[in-house]
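Here is how the chains run, residue by residue.
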Amino acid sequence: MESDVQRQAENHVRIFDTTLRDGEQSPGASLNSAEKLEIAHHLAALGVDIIEAGFPAASPDDLAAVRRIAQEIGTAEGPVICGLARCVPSDIEKCWEAVQPAAKPRIHTFISSSDIHLKYQFNLTREQALERAREMVRLARSLCADVEFSTMDAGRSDWNYVAQMCAAAIEEGATTLNIPDTVGYMTPTEYGAMIAYLIEHTPGGKDVIWSVHCHDDLGMATANTLAGLHAGARQAEVTINGIGERAGNTALEEVVMAINTRQGYYKLWTGIQTPQLSRISRLVANYTGMVVQPNKAIIGANAFAHEAGIHQDGQLKHQETYEIMRPESVGVSESRLVLGKHSGRHAFKVRLRDLGYQLTDAELQEAFKRFKDVADRKKHITDADLQALMAHQLEGPKEVFKLKALQVTCGQVGMPTATVRLEAPDGTECIEAGIGTGPVDATYTAINKIVNAPNKLLEFSVRAITEGIDAMGEVTVRICTLDGEYQTFGGHGADPDIVVAAAKAYLAALNRMLVATGGAGETPEGESATIRMVGD
Ligand code: KIV
Ligand code: ZN
C-alpha cells in the first residue's frame, strides 16, 4: 500500500519559472543582467524549484547573466538553475558553460515535433529531427546529469511521433520531458488527454517527470496547464504575471493559487511561499515595464476589491460569501488606514517589517524620509502606498540623474511649461525648462534637455494605487533607444502628484538606459549634451 510520504512526493508539482527566459521574450520586456539577478533572488525566496535563467547561446551577455545567477543563486539549498539550448552542439556547450557553477545545474534542450515546423522552418524530415534530438540529448547528458527535453509545437504534432521523440530522449538520459503548446492552440480537454497518452504510451514514460508549458493565445494557458497536471504531469513551466511571447505564458500565480485553493479537487501541492506573490509581481512589472491589468486574476489591483453593493454587503457579513482566497495569502494586506504624518519611525519600521521588508538602518532612514515626504501631502498612507514607495526605493534602478524639484504650469490658457532640477552623476545640479502639449510632455522635454539620451516613448500608463482624491498615482513608462538596436527599458514612479510620478518613472527608465548603454548619449544631430548648471 502507498504510504503518505510516497503520496506526498508523487503529488508535488515542481514550479519551473521561465520569467527570465520565455518571459523576457515578451516584446519590449528586455531586462539587464542586474535586474535578472535581482528577480532570480526573489524567485528563489518565493520557493520555485527551477529557474530557467536564460538562453546562453543568444549572446555573450545572456551567457554571462545565466552564469552569474548559477554562481549566486544556485546553492545546494537553492533552486535548480537551468539554461535553454536548441538541439545544436554549440548551444548545448554554451548552456553548460553558463549553468555549470550551480550546485544543481540543468540543460534544457528542444527541437520541434510538428510537421509544419519541421517542413517550413527547419527543413528536416521526422527521422532527421528524431535522430538530432537523440544525439543532442546524449551530448547534453554527457555534460550534465539533469537534462530536460522539449518537443516544440507539441500541441500541433502527431502524438505518436511526440511519444517516439520522448522515448529516444529518455533512452539517452533525459529525466524531464516537456510538452509545449507553443502557439497556445490546444483546449484543456485535449491537452490533458495528450499528457495522459504520452505518460501511457512512451516507453520509459512512467519513470520520468512530465512537464507542461502552455502559451495563452486563446486565453487557455492556465486551464491547459492545470489539465496537464491533473492528467499526471508534475512540472509546470510558468512566468510571473504570465509574461511571455505574444499573449504570454501560463501565470505562475494562477496555477499555484488554483492548486492551493482547489486542494480537494487537484490533490497537488507546490513549495511556493504565496504571500510573496504580490511583491514579486510588482517587481517584475516594474523591471519589465509590463503593467498588470487591474482585473488580472490573483495579483491585479482589483482582484480583491468588492464594488457591487450586494457583494460588499455579503463580505461584511461573512468574508467567504464572495472571497475564495484570503488577500493576505497572496501578500495583499487587508489593512487600510495604516500610517499618517504623525506616525513615528518605530510604527513605520514595524509596519514595513509586517509587510516583509527587512531594512538596514540606512535603508530605513531613506525610506522614512520618503514616507514623511508623502505623508506631508497625503493624509493616510496605506500598505499599498508603502509598497509602492518601497518598490521605488529598493527595486528602482541605480540613480544616475536624481529628481530634485519640479514646477509645472498648465491649464487651458497659455502653454504648459515645466521647470526641472536634476542632480547629475557628478553631484552638480542642472535646471532646464520645457514647453509641451501638456504638463507631462513639458516635463519630459525639460528632462531630455538635461539628460540628452535620445529615446522614443513607447508606452505611458497611469493608475491610482489607492482610492480617493489623494490617491498615490503610479506611472509606468517604456522607452527604447534610437541607436538602431531599439533596446527597451521600463521605469516606474509613484507619488501623490501624478506629474511628479510621471517624472520619476521617466527618469527611472532613462537611468536604466544610461546604465545599460554606458553613457549620456548624443543629441540626434550628433552634438553632445549641454548641461546648464544652476546659476549659469
Ligand atoms: O513555447 C515553447 O515551445 C518553448 C520551448 C523552447 C520550450 O518555449
Ligand atoms: Zn514557450
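Here, every reference points to the structure presented above.
What counts as what
- Residues numbered from 1 in each chain as written.
- Chains lettered and ligands numbered in written order.
- Predicted model: local features only at pLDDT ≥ 70, side-chain atom pairs only at ≥ 80, totals over all residues.
- Heavy atoms only, no water.
- Donors = N, O, S within 2.8 Å, 3.2 Å for Na, K, Ca; no water.
- Buried < 20%, exposed > 50% of the residue type's maximum accessible area, 1.4 Å probe, protein only.
- Salt bridge = Lys/Arg side-chain N within 4 Å of Asp/Glu carboxyl O.
- Helix = DSSP H or I, 4+ residues; strand = E, 2+ residues; numbered from the N terminus.
- Pairing = 2+ DSSP bridges.
- Near = heavy atom within 4 Å.
- Polar contact = N/O pair within 3.5 Å; in protein donor to acceptor, adjacent residues only side chain to side chain.
- Nonpolar A, V, L, I, M, F, W, Y, C, P; charged D, E, K, R; others polar.
- Axes fitted to C-alpha atoms, helices over the stretch in contact; angles between N-to-C directions.
- Left-handed = near helix turned anticlockwise from the far one by under 90°.
- Contact = heavy atoms within 4.5 Å.
- Core = buried A, V, L, I, M, F, W, Y, C linked by side-chain atoms within 4.5 Å.

Turning to unusual backbone geometry, a few remarks are in order. The backbone of Asn-241 sits at a positive phi, close to 65 degrees, despite the residue not being glycine. Phi at Lys-267 takes a positive value of approximately 55 degrees, unusual for a residue other than glycine.

Moving on to the coordination of the zinc ion (ligand 2). At this site the zinc ion (ligand 2) is bound by Asp-22 (OD), His-213 (NE2) and His-215 (NE2), with donor distances of 2.0 to 2.1 Å. Sequence spacing of the donor residues for the zinc ion (ligand 2), all on one chain, is D-x190-H-x1-H. This pair shows no difference in class: His-213 is buried, exactly as His-215 is.

Right, let's talk about the pattern of salt bridges for a bit. Applying the stated criterion across every chain yields a total of 29 salt bridges. Here Arg-68 makes a salt bridge to Glu-72, at a shortest N to O gap of 3.5 Å. With Arg-68 and Glu-72 both in helix H3 (residues 60–73), this residue pair falls four residues apart, about one helical turn. Judged by relative accessible area, which is 37%, Glu-72 ranks as partly exposed. Here Arg-126 ties to Asp-115 by a salt bridge, and the two come within 2.9 Å at their closest N and O atoms. A residue pair is termed long-range when its members are at least 10 positions apart, and Arg-126 in helix H6 (residues 126–143) and Asp-115 in helix H5 (residues 115–122) qualify at eleven residues. Each member of the salt-bridge network shares a partner with another, and the members are Arg-134, Arg-138, Glu-171 and Glu-172.

Our next topic: the pairing of strand E8 (residues 235–238). Burial of the side chains of E8 extends over both faces: Gln-235 and Glu-237 are buried on one face and Ala-236 and Val-238 on the other. The pairing of strand E1 (residues 14–17) with E8 spans four bridges and is classified as parallel. Along E8, the bridge assignment pairs Arg-14 with Gln-235. Both strand E7 (residues 209–214) and E8 contribute to a ladder of three bridges, which runs parallel. Along E8, the bridge assignment pairs His-213 with Glu-237.

This brings us to the site of ligand 1. In the region of ligand 1, the neighbouring residues are Arg-21, Asp-22, His-108, Phe-110, Ser-150, Met-152, Asn-178, Pro-180, Thr-182, His-213 and His-215. Measuring from an oxygen atom of ligand 1, one finds a side-chain N or O atom of Arg-21 at 3.0 Å. Contacts to ligand 1 include His-215, whose side-chain N or O atom sits 3.0 Å from an oxygen atom. Going through the elements one at a time, strand E4 (105–112), strand E5 (147–152) and strand E6 (176–181) are the ones with two or more residues in the shell around ligand 1. Looking at the shell around ligand 1, its residues break down into three nonpolar, six polar and two charged.

As a further point, take the packing of helix H2 (residues 33–46) against H3. Two elements in contact, H2 and H3, have axes whose closest approach is 10 Å; the angle formed by their N-to-C orientations is 35 degrees. Of the two elements, H2 crosses H3, and the hand of that crossing is right-handed. Between H2 and H3, the residues in contact are Ser-33, Lys-36, Leu-37, Ala-40, His-41 and Ala-44 and Asp-62, Ala-65, Arg-68, Ile-69, Glu-72 and Ile-73, respectively. Its residues assigned to classes, the contact of H2 with H3 shows six nonpolar, two polar and four charged.

As a further point, take the sheet that holds strand E3 (residues 80–86). Taken in spatial order, the eight strands close into a barrel running E1-E2-E3-E4-E5-E6-E7-E8, and their pairing is parallel. For this sheet, the mean angle separating the axes of adjacent strands, direction not counted, is 25 degrees. Relative to E5, E4 runs parallel, the two being bridged by six bridges. When the bridges of E5 are listed, Ser-112 appears paired with Met-152. Seen against the sheet, H3 touches strand E2 (50–54) and E3 and runs at an angle of roughly 150 degrees to E2.

Turning our attention to the environment of Ala-58. Positionally, Ala-58 belongs in the loop between E2 and H3. The partly exposed category is assigned to Ala-58, whose relative accessible area is 47%. On a C-alpha basis, the gap between Ala-58 and Glu-485 in space is 15 Å, while along the polypeptide they are 427 residues apart.

Our focus in this paragraph is the nonpolar core. By size, the foremost hydrophobic cluster in this structure holds 90 residues, and its most contacted members are Phe-149, Ile-179 and Leu-229. Ignoring any residue separated from it by four or fewer positions in sequence, one finds Leu-229 in contact with Val-13, Val-212, Arg-234, Gln-235, Ala-236, Val-255, Ile-259 and Leu-268. Val-400, Tyr-444, Ile-450 and Met-513 belong to the second largest nonpolar core, which has 26 residues in total.

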